[in-house]
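Take a look at the letters that make up each chain.
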Amino acid sequence: MKTSFDIAVFQGDGIGPEIMAPTTALLSELATQGGYGLTFTDAPAGAAHYRETGESFPPASMAAARAADAILLSAMGLPDVRYPDGTEISPQIDLRKALTLFAGVRPVTIRPGQPTPLALKGGQSVDFVLIRESTEGLFYTQGRGEVQADEARETLRITRAISEPLFRFAFDLAKSRKASGQGPGKVTCVDKANVFRAFAFFREMFDAEAAHHPEIAADHAYVDATALWMVEKPWAFDVMVTENMFGDILSDLGAGLMGGLGLAPSADIGADHAVFQPCHGSAPDIAGQGVANPMAMILSAAMMLDWLGGRHGVPAMQADAARLRAAVDGVVAEGRVLTRDLGGSAGTAEVAAAVREALA
Ligand code: ATP
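Residues numbered from 1 in each chain as written. Predicted model: local features only at pLDDT ≥ 70, side-chain atom pairs only at ≥ 80, totals over all residues. Heavy atoms only, no water.

Digging into the packing of aromatic side chains
The geometry of an aromatic ring pair is captured by the separation of the ring centres together with the interplanar angle, meaning the angle of the planes.
Moving on, step 1. Considering all chains together, one arrives at 10 aromatic pairs under this definition.
Moving on, step 2. Aromatic side chains Phe167 and Phe206 sit 5.4 Å apart centroid to centroid with 85° between the ring planes, which places their arrangement in the edge-to-face category. On the criterion of sequence distance, the pair formed by Phe167 in helix α5 (residues 160-179) and Phe206 in helix α6 (residues 197-210) is long-range, its members being 39 residues apart. The pair formed by Phe167 and Phe206 is uniform in burial state, with each residue classed as buried.
Moving on, step 3. The interplanar angle of 85° and the centroid separation of 6.0 Å between the aromatic rings of Phe199 and Phe202 together place this pair among those described as edge-to-face. (Phe/Tyr/Trp six-rings, centres within 6.5 Å; stacked < 30°, edge-to-face > 60°. Helix = DSSP H or I, 4+ residues; strand = E, 2+ residues; numbered from the N terminus. Buried < 20%, exposed > 50% of the residue type's maximum accessible area, 1.4 Å probe, protein only.)

The following block contains the structure:
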């Protein structure tokens, strides 16, 4: 059984290195105690690297990502550093395409003490996962749309090759959540099948996959109604799966429900590779001040432990993922050591130390 793993680490730009350092330190400690191995390989890339070297994503960093068992990424891109054509530097998108990371996994969890705009009544909690297809859909012609004098076109593409493994992933996730007592075991297909034939095709493939999982409930929702229900009754969802653009929009709504980006982790998962990174960007406005919230990065690392542990059959890693999440929950619920985005005044290092203490 494999118990030692190579992790490619993209420290990134802005607050990236500030939130990555305490995260890998926590992971190293957990690995030592848990009897498994994590080796971190630094993979330079991003806007600052481009400014210094003229290269945004060196081939050696891509090779490190391909060779790794998993990829940890903080945030990349800076508003004032761009390619000559004016587009932003975002190696994370190149990575998603190159490694066919079709499942964008965005957990939406509202913990006690979290500053949500929802008026939750006592006992009501929110814990669902949005899966955003991340390689095709309305992003298929990204950067290649046709623009003429009086007309512009983009193409929405839905394929069987991507949709089938996407839906399989969604049902497997619902199954493992149910097994760990995290959800009732339900997958909702979010589409617009009443208007577009491509979404009827999407739904048909979803239903075919659902038939293989009789122990998991399956239903459908139109994307506009889903936006409403995410605000009105978010506790009704368990796992939802949707097209790229719908997922792009709904995942920001999810982050809004969570009271902002500081606690929103994510994973981009394919058949052979996965990238784990917070939903937020490089936050250049607060970079270098030691005040960034490291919790979304730490929760993304917990998702990595879960994924690696599940894939390679190392229960200690999955147990540590749960411990990391519980430690963050504890610090948020206590409310004593929080960064400014969560209404506190602590710095990155203090919050990381509080999480470490809660782990102990
Ligand atoms: P991108 O387009 O690269 O995703 P963005 O425009 O969404 O980036 P972010 O970099 O995520 O912007 O920052 C949005 C706001 O949230 C900023 O005010 C930033 O300071 C704040 N923010 C983002 N991440 C954190 C964090 N980890 N801790 C504290 N504040 C954060």
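Quick look at the site of the ligand
Moving on, step 1. Lining the immediate surroundings of the ligand are Ile15, Leu261, His280, Gly281, Ser282, Ala283, Asp285, Ile286, Ala292, Asn293 and Asp341.
Moving on, step 2. With respect to the ligand, the side chain of His280 contributes an N or O atom lying 3.2 Å from a nitrogen atom.
Moving on, step 3. Ala283 is positioned such that a nitrogen or oxygen atom in its backbone is 2.8 Å from an oxygen atom of the ligand.
Moving on, step 4. Each residue belonging to the shell around the ligand can be placed in one class, and the counts come to 5 nonpolar, 4 polar and 2 charged. (Near = heavy atom within 4 Å. Polar contact = N/O pair within 3.5 Å; in protein donor to acceptor, adjacent residues only side chain to side chain. Nonpolar A, V, L, I, M, F, W, Y, C, P; charged D, E, K, R; others polar.)

Some points on the packing of helix α1 (residues 16-34) against helix α11 (residues 348-359)
Moving on, step 1. One way to put it is that α1 packs onto α11 with a least axis distance of 10 Å and a crossing angle of 20°. Classed by the angle they form, the pair α1 and α11 counts as roughly parallel. For the pair α1 and α11, the crossing hand works out as right-handed. Each of Glu18, Pro22, Leu26, Glu29 and Leu30 in α1 lies in contact with α11, whose residues at this interface are Thr348, Ala352, Val355, Arg356 and Leu359. (Axes fitted to C-alpha atoms, helices over the stretch in contact; angles between N-to-C directions. Parallel < 35°, antiparallel > 145°, perpendicular 65-115°, else oblique. Left-handed = near helix turned anticlockwise from the far one by under 90°. Contact = heavy atoms within 4.5 Å.)

Description of the domain arrangement of the protein chain
Moving on, step 1. We note that the domain assignment places domain 1 (1-99 + 272-360) and domain 2 (107-142 + 156-261) within the protein chain.
Moving on, step 2. Put simply, the middle of domain 1 and the middle of domain 2, counted by C-alpha atoms, are 24 Å apart.
Moving on, step 3. In this complex, domain 1 contributes 11 residues to the contact, which on the side of domain 2 involves 11 residues.
Moving on, step 4. Here domain 1 packs against domain 2, burying approximately 1000 Å² in sum over the two surfaces, 61% of which is carbon and sulfur.
Moving on, step 5. Between domain 1 and domain 2 we count 1 salt bridge in total.
Moving on, step 6. Among the ionic pairs, Asp329 bridges to Arg111, the shortest N-O distance being 2.1 Å.
Moving on, step 7. For the pair domain 1 and domain 2, the interface holds 1 residue pair in polar contact (both at pLDDT 80 or more).
Moving on, step 8. Within the residue set of the side of domain 1 that touches domain 2, elements represented by two or more residues are α4 (91-98), α9 (295-312) and α10 (315-334).
Moving on, step 9. Partitioned by chemical class, the residues of the side of domain 1 that touches domain 2 number 7 nonpolar, 1 polar and 3 charged. (Domains from an automatic or database assignment. Buried area = accessible area lost by both parts, 1.4 Å probe. Salt bridge = Lys/Arg side-chain N within 4 Å of Asp/Glu carboxyl O.)

Looking at the pattern of salt bridges
Moving on, step 1. If you walk through the whole model with that rule in mind, you get 18 salt bridges.
Moving on, step 2. A salt bridge links Lys2 to Asp69, with the shortest nitrogen-to-oxygen separation between them at 3.1 Å. In this pair, Lys2 is assigned in the segment before β1 (4-10) and Asp69 in the loop between α3 (59-67) and β3 (70-73), connecting sequence segments 67 residues apart.
Moving on, step 3. Several salt bridges converge on common partners, so that one network encompasses Arg96, Arg106 and Asp268.

With respect to the side chain of Glu209
Moving on, step 1. Mapped onto the elements of the fold, Glu209 is located in helix α6.
Moving on, step 2. There is no salt bridge for the buried Glu209, and the closest opposite charge comes from Arg168, which lies 4.0 Å off by N-O distance. (Lys, Arg positive; Asp, Glu negative; His and termini not counted.)

As for the side chain of Asp13
Moving on, step 1. Along the chain, the position of Asp13 falls in the loop between β1 and α1.
Moving on, step 2. One buried charged residue, Asp13, forms no salt bridge at all, with the nearest opposite charge on Arg51 at 6.5 Å.
Moving on, step 3. A polar atom in the side chain of Asp13 sits 2.9 Å from the backbone nitrogen of Ala48.

Re the environment of Leu299
Moving on, step 1. With respect to the helices and strands, Leu299 occurs in helix α9.
Moving on, step 2. Judged by relative accessible area, which is 2%, Leu299 ranks as buried.
Moving on, step 3. Residues Leu299 and Thr23, spaced 276 residues apart in sequence, show a C-alpha to C-alpha distance of 9.2 Å.
Moving on, step 4. Beyond its immediate sequence surroundings of up to four residues, Leu299 is in contact with Arg111, Leu263, Pro265, Arg325 and Val328.

Topic: the environment of Ile131
Moving on, step 1. Relative to the assigned elements, Ile131 resides in strand β5 (residues 126-133).
Moving on, step 2. Judged by relative accessible area, Ile131 falls into the buried class, the value being 0%.
Moving on, step 3. Ignoring sequence-local partners within four residues, the contact set of Ile131 consists of Ala103, Gly104, Leu166, Phe169, Ala170, Leu173, Val239, Met240, Val241 and Thr242.

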